[in-house]
Protein chains: 2
Amino acid sequence: MTTLNDRSEKVARDLLKQLEDGWNAGDGEAFGKAFTEDADFVAIRGDYHHGRGAIAKGHEGIFNSIYKDSRASYGLLQARALTDGVVLAHARSDLSAPSGPLAGEHSSVSTLVLVHEEGGWKISGFHNTLVAPTQ
Amino acid sequence: MTTLNDRSEKVARDLLKQLEDGWNAGDGEAFGKAFTEDADFVAIRGDYHHGRGAIAKGHEGIFNSIYKDSRASYGLLQARALTDGVVLAHARSDLSAPSGPLAGEHSSVSTLVLVHEEGGWKISGFHNTLVAPTQ
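Description of the structure in this document. (Residues numbered from 1 in each chain as written. Chains lettered and ligands numbered in written order. Predicted model: local features only at pLDDT ≥ 70, side-chain atom pairs only at ≥ 80, totals over all residues. Heavy atoms only, no water.)

The next point concerns the interface of chain A and chain B. At the junction of the two partners, chain A supplies 31 residues and chain B supplies 31 residues. In terms of surface lost to chain B, no three residues of chain A exceed A:R45, A:R80 and A:H127, which account for 24% of the buried area on that side. Linking chain A with chain B are 4 salt bridges. For B:D40, the salt bridge identified is with A:R80, shortest N-O distance 2.9 Å. Counting across the interface, chain A meets chain B through 17 residue pairs in polar contact (both at pLDDT 80 or more). Listing elements by their share of the side of chain A that touches chain B, those giving two or more residues are β1 (35-42), β3 (71-83), β4 (86-97), β5 (104-117) and β6 (120-130) of chain A. Of all the elements, β6(A) adds the most residues to the side of chain A that touches chain B, at 6 residues. Its residues assigned to classes, the side of chain A that touches chain B comprises 15 nonpolar, 12 polar and 4 charged. (Contact = heavy atoms within 4.5 Å. Buried area = accessible area lost by both parts, 1.4 Å probe. Salt bridge = Lys/Arg side-chain N within 4 Å of Asp/Glu carboxyl O. Polar contact = N/O pair within 3.5 Å; in protein donor to acceptor, adjacent residues only side chain to side chain. Helix = DSSP H or I, 4+ residues; strand = E, 2+ residues; numbered from the N terminus. Nonpolar A, V, L, I, M, F, W, Y, C, P; charged D, E, K, R; others polar.)

In structure tokens:
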């Protein structure tokens with residue numbers, strides 16, 4: 001039997017895979033395709049961005065600069081349905097950057113708000129925070 | 001006429017007021033009451049917490065230590081309905097801490113996922129990131 005939670009987890013894993021593939025191809029447009037047109041995005045410096053176009057363009061920029069040739073790997077922490085068409089998920093990503101101010105290995109934790117719209121599931125809200133070193 | 005967006009903004013402002021009042025009273029339980037029983041919370045160090053009890057207890061801890069006598073002020077950035085019973089909102093908070101490792105003034109940007117349940121609206125997902133200084 002497929003439970004609601006199984007379905008939520010599959011939706012989340014599929015979208016994380018899209019993000020991971022887009023990131024590892026260094027392709028801002030492919031990364032952006034996982035998002036709704038009106039998506040909201042909060043990045044690791046607390047900067048807030050609105051809209052798929054801005055998200056795609058912003059990632060294209062970092063893929064060509066500080067995160068050039070970096071590799072990301074996403075793992076799902078949890079996913080649960082809030083209603084039939086909305087899933088709240090959390091993920092951890094591990095990033096390896098060969099150069100730039102964040103060169104090296106680091107991890108982040110993300111909140112993802114997933115919505116079902118015509119054409120399938122998309123990310124409507126994404127918020128990402130670097131995991132601080134243990135004190 | 002009250003639009004859907006007006007209603008979403010009111011829901012978000014009411015919950016932000018609850019957080020602000022709980023914070024400024026240094027009352028972890030009052031802060032926690034804004035959350036659903038199964039709420040998810042990602043804090044500024046990328047640490048992930050689950051459940052109202054953990055959120056209330058964690059805040060009670062910081063209100064008695066690093067954030068003792070601190071003052072928080074929340075401002076809504078945007079709120080939009082994803083479905084009838086789910087609102088996605090973003091807020092900025094300004095915090096003044098008199099002592100501890102984060103003494104001084106700093107700001108954060110939050111994503112809030114609000115859900116309607118019996119008894120009213122609650123926060124089901126909260127994610128908070130410090131705004132980095134301008135480079």
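Here we come to the relation of the copies chain A and chain B. When chain A is fitted to chain B, the residual RMSD is 0.0 Å, and the transformation amounts to a turn of 180 degrees plus an axial shift of 0.0 Å. Here the symmetry operator amounts to a two-fold rotation axis. No C-alpha of chain A lies nearer the rotation axis than that of A:T129, which sits 3.1 Å from it. Same-surface contact between copies: 100% of interface residues of chain A are shared with the interface of chain B. (Least-squares fit on C-alpha atoms with pLDDT ≥ 70 in both.)

Just geometry here; none of it tells us what the structure is for.
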